[in-house]
Amino acid sequence: SVHPSHFFLISVFSKFPSRMSLRGQIAIVTGASRGIGQGIALQLGEAGATVYVTGRKPAQSSANVNSAFPTLEQTAKEITERGGKGIAVYVDHGDMKEV
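If you check an unreviewed UniProt entry, the protein chain appears there as Dehydrogenase from Pristionchus fissidentatus.

Asks: So, the overall build of the protein chain: which residues are in play, and what are the values?
Replies: Across its full length, the protein chain carries 4 helices and 3 strands. Ordering the α and β elements of the protein chain from the N terminus gives α-β-α-β-α-α-β. Expressed as a percentage of contacts within the protein chain between residues at least 6 apart in sequence, the contacts between residues at least 24 apart total 62%.

Asks: Which residues make up the sheet that holds strand 3 (residues 85-90), and what values go with them?
Replies: With parallel pairing, 3 strands are arranged side by side in an open sheet as 1-2-3. If you trace the sheet from one side to the other, it starts and ends with strand 1 (26-30) and strand 3, each paired once. Between one strand axis and the next, the sheet turns through 20° on average, direction left out of account. Summarising the sheet, strand 1 and strand 2 (residues 50-55) pair through 5 bridges and their orientation is parallel. By the bridge assignment for strand 2, Ile28 is matched with Tyr52. Relative to strand 1, helix 2 (residues 35-46) is tilted by about 165°, and along the sheet it contacts strand 1 and strand 2.

Asks: An account of the side chain of Thr75 is needed here, citing residue identities and associated values.
Replies: With respect to the secondary-structure elements, Thr75 resides in helix 4 (residues 72-81). With relative accessibility at 0%, the residue Thr75 sits in the buried group. Engagement of the side chain of Thr75 in a polar contact is seen with the side chain of Gln38, the distance being 3.3 Å. When neighbours within four sequence positions are excluded, Thr75 is seen to be in contact with Ala32, Ser33, Gln38, Ala41, Leu42 and Val53.

Asks: Describe in detail the pattern of salt bridges, supporting the description with residues and values.
Replies: Opposite charge on two side chains makes pairing possible when the charged atoms of those side chains draw close. This model, assessed by the stated rule, comprises 3 salt bridges. A salt bridge links Glu46 to Arg82; the nearest nitrogen and oxygen atoms lie 3.1 Å apart. Placement of Glu46 in helix 2 and of Arg82 in the loop between helix 4 and strand 3 is noted, with a sequence separation of 36 residues between them. Judged by its relative accessible area of 31%, Arg82 falls in the partly exposed class. Of the charged contacts in the structure, one is a salt bridge between Lys77 and Glu81, with a shortest N-O distance of 3.9 Å. Of this pair, Lys77 and Glu81 both sit in helix 4, separated by 4 residues, roughly a single helical turn. Several salt bridges share partner residues, and in doing so they unite Glu46, Glu78 and Arg82 into one network.

What counts and how
- Residues numbered from 1 in each chain as written.
- Predicted model: local features only at pLDDT ≥ 70, side-chain atom pairs only at ≥ 80, totals over all residues.
- Heavy atoms only, no water.
- Helix = DSSP H or I, 4+ residues; strand = E, 2+ residues; numbered from the N terminus.
- Contact = heavy atoms within 4.5 Å.
- Pairing = 2+ DSSP bridges.
- Axes fitted to C-alpha atoms, helices over the stretch in contact; angles between N-to-C directions.
- Buried < 20%, exposed > 50% of the residue type's maximum accessible area, 1.4 Å probe, protein only.
- Polar contact = N/O pair within 3.5 Å; in protein donor to acceptor, adjacent residues only side chain to side chain.
- Salt bridge = Lys/Arg side-chain N within 4 Å of Asp/Glu carboxyl O.

What follows is the structure, given as structure tokens:
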């Protein structure tokens, strides 16, 4: 399923030019290891933002079951390679003690 915050970000980015600079801006993207969350995180990074990508620890995520799935570290690395700064943070958003 798609996290509600992803719909907001998609809506916001659809209104801006593709070359918009986000250098100096900070973004947090939940569920960023794959799917829509990963796509949003990569685009934010490409625009120059510092992007905190969050998700569960590898032992608790789907990447533990299927090694073909990307990890938060891989997404953070790709963000940095695209010109932003990717930072992986392990958080189980279902556990309020971690949020």
